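Letter by letter, the chains look like this.
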Number of protein chains: 2
Amino acid sequence: MTTPHPFDQAIALTPAGPHTYSGATSPAYGNMVGPFGGITAATAMQAVMLHPQRLGEPISLTVNYAAALADGAFTLMARPVRTNRSTQHWLLEITQPDAQGEPATVLTASAVTAVRRETWSVDDEPMPAVPPPDRVAQANIAPHVAWPQRYGMRFVTGSIPERWDGQGDTSLLQMWVRDEPGRALDFPSLSALADVFYPRVWLRRAKPVPTGTVSMTVYFHAGAAELAATGSGWLLAQARGQVFRNGFFDQTAQLWNEAGLLLVTTHQIVYYKE
Amino acid sequence: MTTPHPFDQAIALTPAGPHTYSGATSPAYGNMVGPFGGITAATAMQAVMLHPQRLGEPISLTVNYAAALADGAFTLMARPVRTNRSTQHWLLEITQPDAQGEPATVLTASAVTAVRRETWSVDDEPMPAVPPPDRVAQANIAPHVAWPQRYGMRFVTGSIPERWDGQGDTSLLQMWVRDEPGRALDFPSLSALADVFYPRVWLRRAKPVPTGTVSMTVYFHAGAAELAATGSGWLLAQARGQVFRNGFFDQTAQLWNEAGLLLVTTHQIVYYKE
């Protein structure tokens, strides 16, 4: 009997009624407080993938981190609210009991799935010219946080500052990244990878201020064929901030496979202190 | 007695119960089929602005266009699902009666509001160097669609193709834009302006294929002070697609005020045929 991949253990869900699943946080994907936001996004996507009424494949996912998820069990609701001929709209919610034992909302999400058809297509955001992954060194990642240990990360530019001297001048990050150990790419793992970047404000300022993602949106440009062609290969992940203002910054990011196909474009808005 | 601005007429809502408002589509903002998606986004934002329990100002808005809104009346629900010390998470839904008279979901949305505090801030996406609005000609807009008549639009680059010859090579659009007649900028009007671009695929291909926005996310980087400073002035609006693949393309866009301050970053995923 093979031990499941830690990612599959982390996103495991048990049916618990109509449109309802039970899950639990995984220490393997723990962050400084609670779980890595990407694994929570992946779990929401997994509920859509498991749902017997799903139509087509994911086109978009928006997750709103309403409160810190506590370590332990949670309830995930995933409900198709509108099914058209070729598109379907989903609402999702994660709850945990509050101090009185009543379910309290810790995450809301929406997703769209669709039956894709082959059309005229073009990539207008070319993969940046960077050295191949076997020419880039594995990052030295802080061992006191669990989730980054679950990824191979090879920074081309924008690695975590070695000196927190407040002298940053750019937020651009480019890295090769993949699940560690290797795992064939799917929609839940792409959802997690969309959130794989350490906070842009840390790099821009060379200052590790407290942060927390408030909302993330992921657009999927890959279908089953492109995922299969990517397999467990490296992805080039690029992220930068466009504006940092009065407690919130945005991040715009892209994920290409090693062949240069743009698989995901994604954005988030992040709280920062000071 | 002054006639209200067409925008205020279009987003007008009447309280209709707890967390519930009644509204109606406005012919002044009509699109080829149903209303302009931007005015629907603005109406959702207006419900949040009107809600007596609102905490702070908008940080993000995601609207999912689940079905074509029919011309006429609709019901809008806006509910704060989690209120923290300085942030608040909202779920919104627009319904219209289906053929059996039952409420059917035509739009879902989520929003985050927050009390902003002054912090270290920087704009990392500078406004492109373009001629000022008084040096750019007003666009000649198709008179058979209502909503574009509600905006002043002065194209710097990427105006609607004059020849649909299938020979496009870029999706980049830059234009000066404002409400017409002038109206002081607020969060609902910024929400509409986030969707003010004609479809990127029309420009990229120089081919007017059928399209429809599936999901749009708007991040607000302006607070009340920045909105007041902008007033009814021109905004520089920039949009481009990153990838067009098998029936869906993305759009990434920015809105700056004339002084060069980045007010909004926004993204959408759009269905296209062929």
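Structure: see above.
Residues numbered from 1 in each chain as written. Chains lettered and ligands numbered in written order. Predicted model: local features only at pLDDT ≥ 70, side-chain atom pairs only at ≥ 80, totals over all residues.

### Quick notes on the overall build of chain A
- Each helix and strand in chain A was counted, giving five helices and 14 strands.
- By its C-alpha atoms, chain A is 50 × 50 × 45 Å across when sized along the principal axes.
- Classification of the 274 residues of chain A by burial places 48% in the buried group.
- Contacts spanning at least 24 positions in sequence make up 68% of the contacts within chain A whose residues lie at least 6 apart. (Helix = DSSP H or I, 4+ residues; strand = E, 2+ residues; numbered from the N terminus. Buried ≥ 20, exposed ≤ 12 C-beta atoms within 10 Å, placed from the backbone. Contact = placed C-beta atoms within 7 Å.)

### As for the nonpolar core
- Within the largest apolar cluster, 150 residues are counted, with the highest numbers of intra-cluster contacts made by Val177 and Ala237 of chain A together with Val177 and Ala237 of chain B.
- With near-sequence residues (within four places) excluded, Ala237 of chain A lies in contact with Met175, Val177, Leu193, Val196, Phe197, Ala253 and Leu255 of chain A. (Core = buried A, V, L, I, M, F, W, Y, C linked by C-beta atoms within 7 Å.)

### Digging into the interface of chain B and chain A
- Chain B puts 51 residues into the contact, and the matching count from chain A is 51 residues.
- No other element matches the five residues that strand E14 (residues 262-272) of chain B contributes to the side of chain B that touches chain A.
- For the side of chain B that touches chain A, the residue count by class is 16 nonpolar, 24 polar and eleven charged.
- Relative to strand E12 (residues 243-245) of chain B, strand E7 (residues 122-123) of chain A runs antiparallel, the two sharing two bridges. Of the residues in E12 of chain B, the one forming a bridge with Val122 of chain A is Phe244 of chain B. (Nonpolar A, V, L, I, M, F, W, Y, C, P; charged D, E, K, R; others polar. Pairing = 2+ DSSP bridges.)

### Describing helix H2 (residues 37-50) of chain B
- In a regular helix each residue adds 1.5 Å, so 14 residues correspond to 20 Å; H2 of chain B covers 20 Å between its end C-alpha atoms and thus fits that length.
- Looking at H2 of chain B, one finds that the buried residues are Gly37, Gly38, Ile39, Thr40, Ala41, Ala42, Thr43, Ala44, Met45, Gln46, Ala47 and Val48 of chain B. (Expected span 1.5 Å × (residues − 1).)

### Section: the relation of the copies chain B and chain A
- Placing chain B over chain A gives an RMSD of 0.0 Å and needs a rotation angle of 180°, together with 0.0 Å of translation along the axis. Both copies are brought into coincidence by an operation consistent with a two-fold rotation axis.
- Comparing interface residues between copies, 100% of those in chain B also sit at the interface in chain A, which points to an isologous, same-surface contact. (Least-squares fit on C-alpha atoms with pLDDT ≥ 70 in both.)

### Things to note about the environment of Val136 of chain A
Residue and element names in this part refer to chain A.
- Topologically, Val136 is positioned in the loop between E7 and strand E8 (151-157).
- A residue is classified by how many C-beta atoms lie within 10 Å of it, and Val136, with 17 of them, is partly exposed.
- Sequence spacing of Val136 and Val196 is 60 residues, and the spatial spacing of their C-alpha atoms is 18 Å.

### Focus: the pairing of strand E9 (residues 173-179) of chain B
Residues and elements named next belong to chain B.
- With six of seven residues buried, E9 is to be regarded as a mostly interior element.
- The pairing of strand E8 (residues 151-157) with E9 spans six bridges and is classified as antiparallel. Among the inter-strand pairings, Thr157 is bridged to a residue of E9, identified as Gln174.
- Inspection of the sheet shows E9 paired to strand E11 (residues 235-240) by five bridges, in the antiparallel sense. Across the sheet, the residue bridging to Gln174 is Gln238, located in E11.

### Quick word on the environment of Arg200 of chain A
- In this fold, Arg200 of chain A is placed in helix H4 (residues 200-205).
- If sequence neighbours within four positions are ignored, Arg200 of chain A has contacts with Ser171, Ala239, Arg240, Gly241, Phe249 and Gln251 of chain A.

### Notes on unusual backbone geometry
- Residues Glu180 of chain A and Pro181 of chain A are joined by a peptide bond in cis, for which omega reads 0°.
- In this fold, Pro181 of chain A is placed in the loop between strand E9 (173-179) and helix H3 (187-193).
- Positioned with a positive phi, Asn246 of chain B is a non-glycine residue whose angle comes to about 45°.
- Here Asn246 of chain B shows up in the loop between E12 and strand E13 (248-257).
- The backbone of Glu274 of chain B sits at a positive phi, close to 80°, despite the residue not being glycine.
- Structurally, Glu274 of chain B is set in the segment after E14.

Geometry only, nothing functional implied.
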